[in-house]
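The residues making up each chain are set out below.
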Amino acid sequence: MAEGNNIFKVEIITPDRVFYTGEADMIEFNTADGQIGVYKNHIPLTTVIEPGVVIIHDGEHQKVAAIHAGFVEILGEKVTLLAEMAEWPEEIDLNRAEAAKERAEERISAKAATTDLKRAEFALHKALTRIDAAERK
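Computed from a predicted model, the values in this text were never measured in an experiment. (Residues numbered from 1 in each chain as written. Predicted model: local features only at pLDDT ≥ 70, side-chain atom pairs only at ≥ 80, totals over all residues. Heavy atoms only, no water.)

1. Description of the overall build of the chain
Worth spelling out the cut-off: Runs of H or I in DSSP of at least four residues are treated as helices and runs of E of at least two as strands, each being numbered from the N terminus. When accessible area is computed with a 1.4 Å probe and restricted to protein chains, residues below 20% of their type maximum are described as buried, those above 50% as exposed, and intermediate ones as partly exposed. Residue contacts are defined here by distance: any two heavy atoms, one from each residue, within 4.5 Å place the two residues in contact.
The number of helices and strands found in the chain is two helices and 10 strands. In the chain, the succession of helices and strands from N to C terminus is β-β-β-β-β-β-β-β-β-β-α-α. Along the first, second and third principal axes, the C-alpha set of the chain runs to 55 × 30 × 25 Å. Relative to its full complement of 137 residues, the chain shows a buried share of 42%. For the chain, contacts bridging at least 24 residues in sequence account for 55% of all contacts bridging at least 6.

2. Side note on the environment of glutamate 102
Position of glutamate 102 relative to the elements: it lies in helix 1 (residues 94-110). Each C-alpha atom of the pair glutamate 102 and alanine 127 lies 9.0 Å from the other, and the pair is 25 residues apart in sequence.

3. Examining the side chain of glutamate 28
As a reminder, the rule being used: By the counting scheme adopted, Arg and Lys are positive, Glu and Asp are negative, and His together with the chain ends is not counted. The salt bridge definition used is simple: a Lys or Arg side-chain nitrogen within 4 Å of an Asp or Glu carboxyl oxygen.
Note that glutamate 28 resides in strand 3 (residues 26-31). No salt bridge is formed by the buried glutamate 28; its nearest oppositely charged neighbour, arginine 136, is found at 7.3 Å. Not counting the four nearest positions on each side in its chain, glutamate 28 is found in contact with Gln35, Ile36, Gly37, Val53, Val54, Ile55 and His57.

4. Re the layout of surface pockets
In plain terms, the rule: Two kinds of site are reported from a 1 Å grid over the protein atoms alone, namely cavities, where a 1.4 Å probe fits but cannot get out, and pockets, open sets with protein on both sides within 12 Å along at least five of seven lines, and residues are called lining when an atom falls within 4 Å of a point. Grid points are joined across faces, edges and corners, and a volume is the space filled by probe spheres set on the points. Residue type decides the class: Asp, Glu, Lys and Arg count as charged, Ala, Val, Leu, Ile, Met, Phe, Trp, Tyr, Cys and Pro as nonpolar, and the leftover types, Gly among them, as polar.
As a volume, the largest pocket reaches approximately 210 Å³. Along its surface, the largest pocket is lined by 13 residues, and Glu87, Arg96, Ala97, Ala100 and Arg130 are the ones closest to its centre. Broken down by class, the residue content of the lining of the largest pocket amounts to six nonpolar, no polar and seven charged.

5. What to know about the packing of aromatic side chains
A ring pair, where both rings are aromatic, is described by two values, the distance of the centres and the angle of the planes. Where we set the bar: Stacked, tilted and edge-to-face pairs are distinguished by plane angle, under 30 degrees for stacked and over 60 for edge-to-face with tilted covering the rest, among Phe, Tyr and Trp rings (Trp via its six-membered ring) whose centres lie within 6.5 Å.
As enumerated under the stated definition, the model contains two aromatic pairs in all. With a centroid separation of 4.4 Å and an interplanar angle of 25°, the aromatic rings of phenylalanine 19 and tryptophan 88 are classed as stacked. A residue pair is termed long-range when its members are at least 10 positions apart, and phenylalanine 19 in strand 2 (residues 18-24) and tryptophan 88 in the loop between strand 10 (86-87) and helix 1 qualify at 69 residues. The same class applies to phenylalanine 19 as to tryptophan 88, namely buried. Arranged with centres 6.0 Å apart and planes meeting at 80°, the rings of tyrosine 20 and tryptophan 88 form a pair that is edge-to-face. Of this pair, tyrosine 20 sits in strand 2 while tryptophan 88 sits in the loop between strand 10 and helix 1, and the two are 68 residues apart along the sequence. In this structure an aromatic cluster arises from ring pairing among Phe19, Tyr20 and Trp88.

Next up, the structure:
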């Protein structure tokens, strides 16, 4: 673990469970404005989480997870992610994620009038996030 003076608390909470509670010396994730890295004593901030991989740094160790939308509250000593869904790489069925990616790409490329393009794009982004996280096992 990193030196105690650089450590802050991290919580990742989903509607189904407290996904992660622990300590970190840095956390990285995607926001609506781009990727962000947070250290202890970051300025207070509340922002929207975009689907993507979250990386929790703890000294020389890293924990990686897929996060699917939500909000984050950043305080000096604590970062709380409230996510729609969070998954560890070992919880992800890579074949299912690949199939979801293909379905979403087909819906997007078909350009049918009945296709909800935003929903298809979001499904594609979620599938790509799952694939990215699963491949980091």
